[in-house]
Amino acid sequence: MQKTLSTLFRRGSETARLDEEMRFHIEQEIADRVARGVSPEDARREAMRQFGNPTLLRDEARRVWSWGWLEALGRDMRISTRKLMRSPGFTITAVAVMALCIGATTCLFTVVRAVLLEPLPFHDPDKLVMVYEHFRSNLSENPYNPVASGDFYEWREKTHGFDDMAAWQTTSFNVSDEQGKLPEVAEAGAGSWNLFRLLGVSPALGRTFTENEDRVGQAQVAMLSWSLFQRRFGGDASIVGKQIDLDAKPYTIVGVLPEWFAYPTARVQLWVPYASIKTSESIHWPDNHDSSVVARIRPDVSLKTAIGEVSALQYRIHMEHQSQPVAEDAMTRPMIEDVVSDVKTPLLVMMAAVGCMLLIGCLNVSNLLVARAAARQKEMAIRGALGAGRFTLLREQMMETMILCACGGAFGLLLAMAGTRWLMMHWKQLPRAEAVHVDGVVVLFACGVVCLTAVLAGLLPAISATNKNVLGALQDSARAVGGGLSKARLRKLLLMAEIALTVVLLIAAGLLLKSFVHLRSSDIGCASENVLTMKYSLPNAGYDKPEQQVAFSESLLEGVRRLPGVRAAALGTVVPGAGWGGDRVFLIPGHPLVDPQHQPDAVQRWVDPEYFSTLQIPLIAGRFFDNHDRLDHSNYVIISKELARRYFPNEDPLHKFIVMGIDVTNKKNTYEVVGIVGDTLYRVGSRVKSTVYFPILSGAPDSRRKTLVVRTDGDPLRFAIPIQKQIAALDPQLPVVDVLTIPQIVGESTMNQSFTASLVLAFAVLSLLLAGVGLYGVLSYLVTQRVTEIGIRIALGAQRSQVLGLVLRDGMRPVLAGLAVGVAGGAAVGVLLRTLLYGTKPMDPLVFFGMILALLAVAAIASAAPAWRASSVDPMQALRTE
């Protein structure tokens, strides 16, 4: 062991000792021969002949020491580093390509690992599932229907397949307190009392809700998220037990959630008990589908058995309420799938795209290494002739590639850290963003990618460079700088593969980009230019009477409309493109209902008389609301064109009646249709839904959450502050949220598609650039290799245009072959991406032709310089070189 350690840490002194020992034996041999009467010169010569080559003997002695492989590794590193430093242009290019590819791959892996692969930060997360209702008539790609609170309580009480069940839904509150701070709107969660216990979450301060607190009409309590606790209350632990005002009602803070808790999203700032936002009637409704249910699987019961029991119960509930929209079945999916469902496919697409780019980068570097190996073929042949083994030469070649990839990996890791930070800052809708960070696993992944790229990029050129017989290599190298035709064929094959991958990536990017352009330019059915929106919610305190709500709305609209530059202002609950906003079933008197389970439903909106003209939604028939449609005189509705077409075919719906709900005799919910307006989209990319509009001046409880819509002259954002001052002047405690223009609303709703299309397009453009550089390198190499042949051709009478065409054809053959393979691959990828496409088809000819033309243009540009250089060869100079 001591000797082993000594040869590792004192290798220099051990080598000196070995040299000293060898010198001693040589001197002793010389002295013995001199003592026998031999002259000193002859004695030294004979002693050296008898002793042998000292260098070879020293190497043989060192070879039996331990750690010889480490010494050889260090020697290879030193030699390879010196060689790379002698070619700075090649080294910088290769390192830059590797840094870009490894950095992008590591960045995407960091996000994918945190979002898709890491388990949820809850106790035994593999046992957590989401339970949904399922209508058998729902054959769409999303069969999961939210759960009615009445069904949830039935499931929890009467089934025993799950260890426990908990429900939650989102809401929002106006937050204010007595500290003089500005009011704000906070997104909130309403969770059943056992939700945090089910998830295995303990509060950082205080406690969670008790069962008694989760009842309708009980004392109001709330829990704070860590971010709200720090941001609004300065991390003051004494806030626990104190009261804050939510919607102008006092709530007692009973606990603070831990910093890492960000379920269902980090936007949820506080929690209240589930039953506290329900009424004693609505909490038992089986058809008010507004909740999510989390369940924990029992260890002794299979998921199939557990959900089968819930589904059987749900069917009984369905049979008991056949006149209501109650689902027939229940179904589950893992909780992690539920959290990441919106971004899973986009992330996988981006990961595949960056994988393609990484492979293209490896092919590019491999091409450079083949050219470099060809230029050094004579050196390799001579070293082989002097005794260097093939494994030694192969190892040295691979060491150069490893150094290139390691340097690229180091810079790539820095790029990955910067890229990850940029993604987290700009991708606001990314779930589990709080878990995304660069750690040891990411660094290990980057190291693994470095090793993989070194093998992919370096192994083939290394084998190619070391398999030539000495004589053949020397003959080749004697005739031209660069080596034989086999190297050219290898480079063309690598280029063809690179072109094929680039075409696949370009087609995928083209399809996604066209889909995104269609999404952003799609007509949502209303004016989008110079329109500003902002939301506020009138609390019960101070606005518990409809007259108070109407008075506030009219005062606000009057003040806003007087502002210089404001062309129109109106109120609605949800503007087009801003989301679902709720729907409701209805009946049409005189229209028999064939199937009670398929009762018609419509998206519902509350709007004021100026809403349609402000948003320029066209009136098709009848009239808009007017100022007489208010309070007790508001039993009128306006329906969308889609509702009229679908439910009033071949008849005029004006002055007909619809009844909201399931009781056709309910006079209170009976409304007369007074107008038909154009269709709007509740979300960009969605299908047109039937919509029914109610007068917001009715003061209905469902219209408390309002959106102020203002159409202006010029930039609407410059009116944001003056309008908020108008609101503050009417009620200083009323917060405003989501001050956005219509294009910003559309942009938020298409953020996932925007990131997917933008990043895949960026990867495709970089790959196209790499392919162009690769083609340029191959043609430059071929021209250099054939300069003598070209000189002879020109000397024999060949025209320079003929030489130009010869080189271009030589370069375009692998491009066209790669193009054909890539188009076939692009068609297959288009089919795989069809669920992400909007307004385009997987085989969109415009995208295919556009991408092919782009590639051919880049190939032509990359080929032009080498071809022109070949046509300018001086035949006399070429023959003198020969």
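Fair warning: this is a prediction, and the values are worked out from it, not measured in the lab. (Residues numbered from 1 in each chain as written. Predicted model: local features only at pLDDT ≥ 70, side-chain atom pairs only at ≥ 80, totals over all residues. Heavy atoms only, no water.)

Novice: Before we move on, could you go through the overall build of the protein and cite the residues and values that matter?
Specialist: Of the regular secondary structure elements, the protein holds 27 helices and 22 strands. Summarising its shape, the C-alpha atoms of the protein cover approximately 135 × 75 × 55 Å along the three principal directions. Of all 882 residues assigned to the protein, the portion counted as buried reaches 50%. Across the protein, every contact between residues at least 6 apart in sequence was considered, and the portion connecting residues at least 24 apart equals 82%. About 41100 Å² of surface is accessible on the protein, with carbon and sulfur atoms providing 59% of the total. The centroid of the 89 positive side-chain charges in the protein is displaced by 11 Å from the centroid of its 84 negative side-chain charges. (Helix = DSSP H or I, 4+ residues; strand = E, 2+ residues; numbered from the N terminus. Buried < 20%, exposed > 50% of the residue type's maximum accessible area, 1.4 Å probe, protein only. Contact = heavy atoms within 4.5 Å. Areas by Shrake-Rupley, 256 points an atom, 1.4 Å probe, with all protein chains shown as cover. Lys, Arg positive; Asp, Glu negative; His and termini not counted. Charge placed at Lys NZ, Arg CZ, Asp CG, Glu CD.)

Novice: Residue-level account of helix α24 (residues 787-795), with values.
Specialist: Those residues of α24 not exposed but buried are Thr788, Ile790, Gly791 and Ile794. Buried residues along α24 cover an arc of 160° about the axis, so they all sit on one side. (Arc of directions from axis to C-beta.)

Novice: Pulling in residues and values, what's your account of the packing of aromatic side chains?
Specialist: Summed over all chains, the structure comprises 28 aromatic pairs. With 5.5 Å between their ring centres and 85° between their planes, Tyr611 and Phe612 make a pair best called edge-to-face. Classification of Tyr611 as buried rests on a relative accessible area of 1%. Of the aromatic side chains, those joined through ring pairs into one cluster are Phe122, Trp168, Phe196, Phe209, Trp260, Phe261, Tyr263 and Trp271. In this structure, Arg333 packs its charged tip against the face of Tyr144, placed 4.3 Å from the ring centre. A cation sits over an aromatic face here: Arg623 above Tyr636, 5.5 Å from the ring centre. (Phe/Tyr/Trp six-rings, centres within 6.5 Å; stacked < 30°, edge-to-face > 60°. Lys NZ or Arg CZ within 6 Å of the ring centre and 35° of its normal.)

Novice: Let's hear about helix α25 (residues 800-832): which residues, and what values?
Specialist: Between the first and last C-alpha of α25 there are 47 Å, a value that for 33 residues agrees with the 48 Å anticipated at 1.5 Å per step. In α25, a bend of some 30° at Met812 exceeds every other bend along the element, and Pro814, a proline, comes one to four places later. (Expected span 1.5 Å × (residues − 1). Bend = angle between axes of the 7 residues up to and from the residue.)

Novice: I'd like to hear about the environment of Ala312, residue by residue, with values.
Specialist: Relative to the helices and strands, Ala312 is located in helix α10 (residues 303-320). As a C-alpha pair, Ala312 and Cys356 span 44 residues in sequence and 48 Å in three-dimensional space.

Novice: Before we move on, can you summarise the nonpolar core with the specific residues and values?
Specialist: Core analysis: the biggest nonpolar cluster contains 119 residues, and Leu199, Tyr263, Trp271, Val294 and Leu347 have the highest contact counts within it. Leaving out residues up to four positions away in the same chain, Tyr263 has contacts with Phe122, Met130, Trp168, Leu199, Trp271, Val294, Met335 and Val339. Within the second largest apolar cluster, 42 residues are counted, among which are Leu556, Val566, Leu571 and Leu697. (Core = buried A, V, L, I, M, F, W, Y, C linked by side-chain atoms within 4.5 Å.)

Novice: Quick rundown of the side chain of Thr840? Include the residues and the values.
Specialist: Looking at the secondary structure, you find Thr840 in the loop between α25 and α26 (845-871). At 2.6 Å, the side chain of Thr840 forms a polar contact with the side chain of Asp844. Those residues in contact with Thr840 that lie beyond four places of it in its chain are Leu511, Lys514 and Ser515. (Polar contact = N/O pair within 3.5 Å; in protein donor to acceptor, adjacent residues only side chain to side chain.)

Novice: Lay out a positive patch on the surface with the relevant residues and their values.
Specialist: Side chains of Arg75, Arg78, Arg82 and Arg86 sit close together on the surface and give a patch of like positive charge. The class of Arg75 is partly exposed, set by a relative accessible area of 36%. (Patch = residues over 30% accessible without salt bridge, like charges linked within 9 Å, V, L, I, M, F, W, Y side chains within 5 Å. Salt bridge = Lys/Arg side-chain N within 4 Å of Asp/Glu carboxyl O.)

Novice: I'd like to hear about the pattern of salt bridges, residue by residue, with values.
Specialist: This model, assessed by the stated rule, comprises 32 salt bridges. Beyond isolated ion pairs, a larger network of salt bridges with shared partners links Glu29, Arg33 and Glu46.

Novice: Describe the environment of His518, listing the residues and the values that go with them.
Specialist: Mapped onto the elements, His518 comes out in helix α17 (residues 485-521). As a C-alpha pair, His518 and Leu837 span 319 residues in sequence and 9.5 Å in three-dimensional space.

Novice: With reference to specific residues and values, describe the confidence of the model for the protein.
Specialist: For the protein, per-residue confidence averages 85 on the pLDDT scale, and residues scoring 70 or more make up 93% of the total. Counted against residues more than four places away or in other chains, residues 477-483, with its pLDDT under 50, gives twelve contacts. (pLDDT = per-residue confidence, 0-100.)

Novice: Help me get a handle on the packing of helix α6 (residues 88-117) against helix α15 (residues 440-466), residues and values and all.
Specialist: Taken N-terminus to C-terminus, the directions of α6 and α15 make an angle of 140°; their axes are 10 Å apart at the nearest point. One way to sum up the angle between α6 and α15 is to call them oblique. Both α6 and α15 take part in a crossing whose hand is right-handed. Between α6, through Met98, Ile102, Thr105, Thr106, Phe109, Thr110 and Arg113, and α15, the contact on the second element is made entirely by Val441, Val442, Phe445, Ala446, Val449, Val450 and Thr453. Across the contact of α6 with α15, the residue classes tally to nine nonpolar, four polar and one charged. (Axes fitted to C-alpha atoms, helices over the stretch in contact; angles between N-to-C directions. Parallel < 35°, antiparallel > 145°, perpendicular 65-115°, else oblique. Left-handed = near helix turned anticlockwise from the far one by under 90°. Nonpolar A, V, L, I, M, F, W, Y, C, P; charged D, E, K, R; others polar.)

Novice: Outline the side chain of Ser515, supporting the account with residue identities and numerical values.
Specialist: By the secondary structure assignment, Ser515 is in helix α17. The exposure class assigned to Ser515 is buried, which follows from its relative accessible area of 2%. Only 2.9 Å separates the side chain of Ser515 from the backbone oxygen of Leu511, close enough to count as a polar contact. Excluding residues that lie within four positions of it along the chain, Ser515 makes contacts with Leu836, Leu837, Tyr838 and Thr840.

Novice: Run through the pairing of strand β17 (residues 636-640), naming residues and quoting values.
Specialist: For β17, a buried count of four out of five residues is recorded, marking the element as mostly surrounded by other parts of the structure. By the bridge criterion, five bridges tie β17 to strand β19 (residues 670-677) in an arrangement that is parallel. Paired with Ile639 across the strands is Ile676, a residue of β19. (Pairing = 2+ DSSP bridges.)

Novice: Tell me about unusual backbone geometry, and name the residues and values.
Specialist: Trans is the common state for peptide bonds, and a negative phi is the common state for residues other than glycine. In this structure, Pro264 follows Tyr263 across a cis peptide bond, with omega equal to -5°. Note on placement: Pro264 falls in the loop between β8 (249-256) and β9 (268-273). Positive phi values are uncommon outside glycine, yet Asn650 reaches one of about 60°. Tracing the chain through its elements places Asn650 in the loop between α20 (641-647) and β18 (657-660). You can call Asn650 exposed: its relative accessible area is 85%. The phi torsion at Asp738 lies on the positive side, around 55°, for a residue other than glycine. For Asp738, a relative accessible area of 33% puts it in the partly exposed group.

Novice: Give a description of the environment of Ile30 that names residues and reports values.
Specialist: Secondary-structure assignment places Ile30 in helix α2 (residues 11-35). On a C-alpha basis, the gap between Ile30 and Ile307 in space is 95 Å, while along the polypeptide they are 277 residues apart. Those residues within four positions of Ile30 in sequence are excluded, and the remaining contacts are Ala43, Arg44 and Ala47.

Novice: Lay out the packing of α6 against helix α14 (residues 390-426) in plain terms, naming residues and giving numbers.
Specialist: Running from amino to carboxyl end, α6 crosses α14 at an angle of 40°, the nearest separation of the two axes being 6 Å. One finds that α6 runs oblique with respect to α14. Crossing angle aside, the handedness with which α6 passes α14 is right-handed. Among the residues forming the contact of α6 with α14, the class breakdown is 18 nonpolar, nine polar and no charged.

Novice: Could you give an account of a nonpolar patch on the surface, naming the residues involved and the relevant values?
Specialist: Residues Trp69, Leu70, Leu73 and Met77 make up a contiguous nonpolar surface patch of roughly 390 Å² in combined accessible area. With respect to the helices and strands, Trp69 occurs in helix α5 (residues 68-85).

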